[in-house]
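# Inside the fold
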Amino acid sequence: MTQSEVIYLDNNSTTPVDPAVVEAMLPYFASKFGNPSNPAHDYGLEALRAVEHARFQVASLIGGESKEIVFTSGATESNNLAVLGAARGSRGRGNHVITTVIEHRAVLNPCRQLEREGMAVTYLPVDTRGRVSVDDLANAVTQGTVLVSVMAANNEVGTIQPIREIGRVCKERGILFHSDAVQALGKVPLNVEDFGVDLLSISGHKMYGPKGVGALFVRSRDPTVELEPIVHGGGQELGLRSGTVAVPGVVALGAACELAEGHLATESSRLRTLRNRLFELISIAIPAAIVHGPEANGLPGLLNLGFPGIDGDDLINCLKGVAVSQGSSCSARSFEPSYVLRALGIGDELARASIRIGVGRFTTASEVDEAAKRIIAAVQMLQHA
Ligand SMILES: *Cc1c(COP(=O)(O)O)cnc(C)c1O
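Sequence order sets the numbering: in each chain, residues are counted from 1 along the sequence as written. For a predicted model such as this one, the threshold for reporting local features is a pLDDT of at least 70, and the threshold for listing and counting side-chain atom pairs is 80 or more; totals across whole chains, interfaces and linings nevertheless cover every residue. Water and hydrogen atoms were dropped before computing side-chain values, which therefore reflect all heavy atoms in the structure.

### Here we look at the site of the ligand
Near the ligand you find 13 residues, and of these Thr76, Asp180, Ser203, His205 and Lys206 are the closest. Pairs of N or O atoms are called polar contacts if they sit within 3.5 Å, as long as, within protein, a hydrogen donor faces a hydrogen acceptor (for residues adjacent in sequence, only side-chain-to-side-chain pairs). One of the side-chain N or O atoms of Asp180 is found 2.6 Å from a nitrogen atom in the ligand. Ser203 places a side-chain nitrogen or oxygen 2.7 Å from an oxygen atom of the ligand. Accessible surface area values rest on a Shrake-Rupley calculation with a 1.4 Å probe, where residue burial reflects the displayed protein chains alone. Relative to its free-state accessible area of 380 Å², the ligand is covered by the protein chains to the extent of 88%. Starting at the N terminus, helices and strands are each numbered in turn, a helix being any DSSP run of H or I of at least four residues and a strand any DSSP run of E of at least two. Ranked by residues supplied to the shell around the ligand, first place goes to helix H3 (residues 75-89) with three residues. Classification used: nonpolar for Ala, Val, Leu, Ile, Met, Phe, Trp, Tyr, Cys and Pro, charged for Asp, Glu, Lys and Arg, polar for all others including Gly. A class-by-class count of the residues in the shell around the ligand yields three nonpolar, eight polar and two charged. When at least one non-hydrogen atom of a residue lies within 4 Å of a molecule or strand, that residue is treated as near it.

Laid out in structure tokens, this is it:
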């Protein structure tokens with residue numbers, strides 16, 4: 001089977017770059033190649049203007065200001081800068097951080113690092129749909145809590161967290177609030193003012209931009225967030241992220257954010273429709289299929305399904321015609337059942353017999369129909385094996 005015959009339904013793992021985004025970034029490789037840190041001549045100035053335009057486009061999507069956007073190499077770096085930077089920058093005030101057990105590893109592992117540095121971290125549990133309780137969170141706050149980090153939407157099961165309510169708790173207690181918004185951006189409305197978010201992580205390649213570029217929103221007032229940088233050097237990006245800005249990627253991220261802002265309403269309803277159609281087709285043929293995460297009103301486009309009684313490895317082997325994920329792609333090489341599914345109370349065997357399907361901007365209704373046929377055929381074959 002050639003790659004083009006395989007239907008791509010793994011858009012929560014990565015997305016193709018939108019052709020309009022490719023077009024926007026191309027001139028910045030060869031003809032407009034200047035260094036934005038050196039605007040003394042027209043080459044540098046042209047690059048600087050492009051970077052500042054992109055900064056405005058990113059800020060606009062989330063309701064922030066241009067000066068509050070720091071460009072990074074991706075959301076892994078944004079999450080590291082937010083968690084390590086905010087906790088280390090608040091050392092004088094306290095040494096406690098609160099997060100959840102289903103955060104991405106790019107949040108969990110920096111939290112582990114903080115523990116090695118002597119800080120205390122509370123990992124809040126989630127319910128069977130993946131939701132964290134705001135009461136649990138408020139009860140976990142201590143005198144020494146300096147940072148809360150809760151993702152806007154989960155990458156494996158699509159749970160949307162009560163960000164606005166968490167933002168309110170943090171504001172009342174004077175605690176910094178970071179949210180990994182990688183999966184939510186472009187699919188659900190998110191505004192750093194309305195939601196009371198102080199730090200927000202963005203990734204290019206989850207929203208039709210390229211890999212290797214991301215951003216971190218860092219609130220500049222009420223409160224002014226003091227971050228300790230993790231990369232030291234020439235002092236670019238307000239000293240928070242040294243290194244020459246990756247101009248083509250940043251231009252692309254800006255274009256991707258502008259597209260996401262324009263398409264938000266239509267895109268999220270289209271993704272919901274496709275996801276619901278896929279679920280209907282599969283569940284009619286396989287009534288035993290179980291939805292992990294929210295039944296409805298989860299992240300538009302994401303469907304995590306478990307097939308009881310089927311071997312997980314066989315399932316992936318029989319599903320060659322559809323590109324989906326088993327567990328999260330970051331842990332896909334280890335055959336450990338997903339820690340996110342485990343946290344939802346799902347047993348190891350069912351977790352291994354589960355797939356995450358992600359429809360995206362370029363998925364068509366006929367692809368959904370064909371993918372449903374292929375998934376049904378694979379599962380039915382294994383059920384009768
Ligand atoms: C993909 C992902 C990341 C990591 O982003 P990169 O840009 O690939 O480093 C972080 N958090 C979530 C929720 C993700 O889905």
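### Here we look at the sheet that holds strand S9 (residues 290-292)
Strand order in the open sheet formed by three strands is S9-S10-S12, with antiparallel pairing between adjacent strands. Because the sheet does not close on itself, it has two edges, and the strands there are S9 and strand S12 (354-358). On average, each strand axis in the sheet is tilted by 35° relative to the strand beside it, whichever way the strands run. Strands pair, by our definition, only if DSSP identifies at least two bridges between them. Relative to strand S10 (residues 302-306), S9 runs antiparallel, the two sharing three bridges. In the sheet register, His292 faces S10, and the bridge partner there is Asn304. Contact definition: two residues touch when any of their heavy atoms are within 4.5 Å. Throughout, an axis means a line fitted to C-alpha atoms (over the contacting stretch in the case of helices), and angles, computed between N-to-C directions, take values from 0 to 180 degrees. Strands in contact with helix H7 (residues 247-285) are S9, S10 and S12; relative to S10, the strand with the most contacts, it is inclined by about 20°.

### Structural notes on the pattern of salt bridges
Note on definitions: salt bridges are taken to be side-chain nitrogens of Lys or Arg within 4 Å of carboxyl oxygens of Asp or Glu. If you walk through the whole model with that rule in mind, you get 19 salt bridges. As a salt-bridge pair, Glu117 and Arg91 come within 3.0 Å of each other at their nearest N and O atoms. With Glu117 in the loop between helix H4 (105-116) and strand S4 (120-124) and Arg91 in the loop between H3 and strand S3 (96-100), this pair connects stretches of sequence that are 26 residues apart. Relative accessibility under 20% of the residue-type maximum defines a buried residue, over 50% an exposed one, and the middle range a partly exposed one, all with a 1.4 Å probe and only protein chains included. Given the relative accessible area of 28%, Glu117 is considered partly exposed. Note that Arg219 and Asp198 form a salt bridge whose closest N and O atoms lie 3.0 Å from each other. Here the residue Arg219 occupies a position in the loop between strand S8 (214-218) and H7, and Asp198 occupies one in the loop between strand S6 (176-180) and strand S7 (199-203), the gap between them amounting to 21 residues. By relative accessible area, which is 5% here, Arg219 ends up buried. Beyond isolated ion pairs, a larger network of salt bridges with shared partners links Asp18, Glu267 and Arg361.

### Details of the packing of aromatic side chains
Aromatic pairing here means that ring centres of Phe, Tyr or Trp (its six-membered ring) are within 6.5 Å. Orientation follows from the plane angle: under 30 degrees is stacked, over 60 is edge-to-face, and everything else is tilted. Evaluation of the coordinates by the stated rule reveals two aromatic pairs. Taking the centre distance of 5.4 Å and the plane angle of 40° together, the rings of Phe33 and Tyr43 count as tilted. Here Phe33, found in the loop between helix H1 (19-25) and helix H2 (42-62), pairs with Tyr43, found in helix H2; they are ten residues apart in sequence, far enough to count as distant. Residue classification places Tyr43 among the partly exposed residues on the basis of a relative accessible area of 47%. Judged by centre distance (5.8 Å) and plane angle (85°), the ring pair of Tyr208 and Phe362 falls under edge-to-face.

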